[in-house]
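Summary of structural features
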Amino acid sequence: MSRQISGAVDLQVPASSLWKCLSRDLVHLLPKLVPKMISGIQILEGDGGLGTILLLRLESGVGGSNYQREKIVEMDDGKRVIANEVLEGGYKEMGFSYFKTRFELKERGESLTCAECTVEYQTLGEQARSPEEALQASFFILKSMESYLLSK
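We now turn to the structure provided with this report.

What counts and what doesn't
- Residues numbered from 1 in each chain as written.
- Predicted model: local features only at pLDDT ≥ 70, side-chain atom pairs only at ≥ 80, totals over all residues.
- Heavy atoms only, no water.
- Helix = DSSP H or I, 4+ residues; strand = E, 2+ residues; numbered from the N terminus.
- Polar contact = N/O pair within 3.5 Å; in protein donor to acceptor, adjacent residues only side chain to side chain.
- Contact = heavy atoms within 4.5 Å.
- Core = buried A, V, L, I, M, F, W, Y, C linked by side-chain atoms within 4.5 Å.
- Buried < 20%, exposed > 50% of the residue type's maximum accessible area, 1.4 Å probe, protein only.
- Axes fitted to C-alpha atoms, helices over the stretch in contact; angles between N-to-C directions.
- Parallel < 35°, antiparallel > 145°, perpendicular 65-115°, else oblique.
- Left-handed = near helix turned anticlockwise from the far one by under 90°.
- Nonpolar A, V, L, I, M, F, W, Y, C, P; charged D, E, K, R; others polar.
- Salt bridge = Lys/Arg side-chain N within 4 Å of Asp/Glu carboxyl O.
- Arc of directions from axis to C-beta.
- Pairing = 2+ DSSP bridges.

1. Brief notes about the side chain of S65
Here S65 lies in the loop between β3 (53–58) and β4 (67–76). Polar side-chain contacts of S65 include one of 2.9 Å to the backbone oxygen of Y67. A distance of 3.5 Å separates a polar atom in the side chain of S65 from the backbone nitrogen of G90. The contact partners of S65, leaving out residues within four places of it in the chain, are L58, G89, G90 and E93.

Below is the structure:
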């Protein structure tokens, strides 16, 4: 049975700009914004949209693996929703049998976005890492995107 943990963070940037970073520009942008976490992203299958399979090259010290293969399992440009499921490596090597991260961006004003993040997971046992760490890493990535957009 899956469990989940959720949280939200307010970001001082337009939802449309943040959505572009989180969806279409993610492959090129993320390694530049968080190089101590992710050194590169490669598209293995697809065009960057729904069903795309990504290979993330993780830096040492980020969990128990140097890569994570994941699939975009939900993407809705109109609702600004994207969800990725880990297929191999990364969280799968940290004690999780299932791991999905979902982002939903809600416009709160011209330059204010509420980013909601939900981590859905199943553990293999007591040895699994805390899903709270993944939630905090997601917030760190979102805040890095906010800083990038504010500096443009």
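2. What about the nonpolar core?
In terms of nonpolar packing, the biggest core is built from 41 residues, with L30, I38, F99, L142 and M145 touching the most fellow members. Ignoring any residue separated from it by four or fewer positions in sequence, one finds F99 in contact with N84, E85, V86, Y91, V119, E120, Y121 and A134.

3. What about the packing of helix α1 (residues 15–22) against helix α3 (residues 131–151)?
In contact at an axis separation of 10 Å, α1 and α3 are set at 120° when each is read in the N-to-C sense. The angle between α1 and α3 places the two elements in the oblique class. Considering only the axes of α1 and α3, their crossing is right-handed. Between α1 and α3, the contacting residues are S17, L18, C21 and L22 on the first element and L142, M145, Y148 and L149 on the second. Considered class by class, the residues forming the contact of α1 with α3 number 7 nonpolar, 1 polar and no charged.

4. Some points on the pattern of salt bridges
In this structure the tally under the stated criterion is 10 salt bridges. E74 is the partner of R102 in a salt bridge, and the nearest nitrogen-oxygen pair spans 3.1 Å. Placement of the pair is R102 in strand β6 (residues 96–109) and E74 in strand β4, with a sequence separation of 28 residues. Taken together, the shared-partner salt bridges in this structure form one network comprising E74, R102 and E104.

5. Comments concerning unusual backbone geometry
At R80, a position not held by glycine, the phi torsion is positive, near 55°. With respect to the element layout, R80 can be found in the loop between β4 and β5 (81–89).

6. Focus on α1
Of the residues making up α1, those classed as buried are A15, L18, W19, C21 and L22. An end-on view of α1 places all buried positions within 160° of arc, on one side of the element.

7. So, the pairing of β5
Taken together, the 8 bridges between β4 and β5 define a ladder with antiparallel strand orientation. Paired with K71 across the two strands is E85, which belongs to β5. Between the end of β4 and the start of β5, which pair antiparallel, lie 4 residues, with R80 showing a positive phi angle near 55°. Where β5 and β6 come together, 5 bridges link them in antiparallel fashion. Along β6, the bridge assignment pairs V81 with E104. Where β5 hands over to β6, the hairpin turn is made up of 6 residues, of which G90 adopts a positive phi near 50°.

8. Digging into the sheet that holds β4
Whether parallel or antiparallel, the strands of a sheet pair through hydrogen bonds between backbone atoms. The strand order β1-β7-β6-β5-β4-β3-β2 describes an open sheet built from 7 strands, whose pairing is antiparallel. Sheet topology places β1 (3–11) and β2 (38–45) at the edges, where each strand pairs with a single neighbour. For this sheet the average axis-to-axis angle between neighbouring strands, irrespective of direction, equals 25°. Strands β1, β6 and β7 (112–123) of the sheet are contacted by α3, whose axis makes an angle of about 25° with β1.

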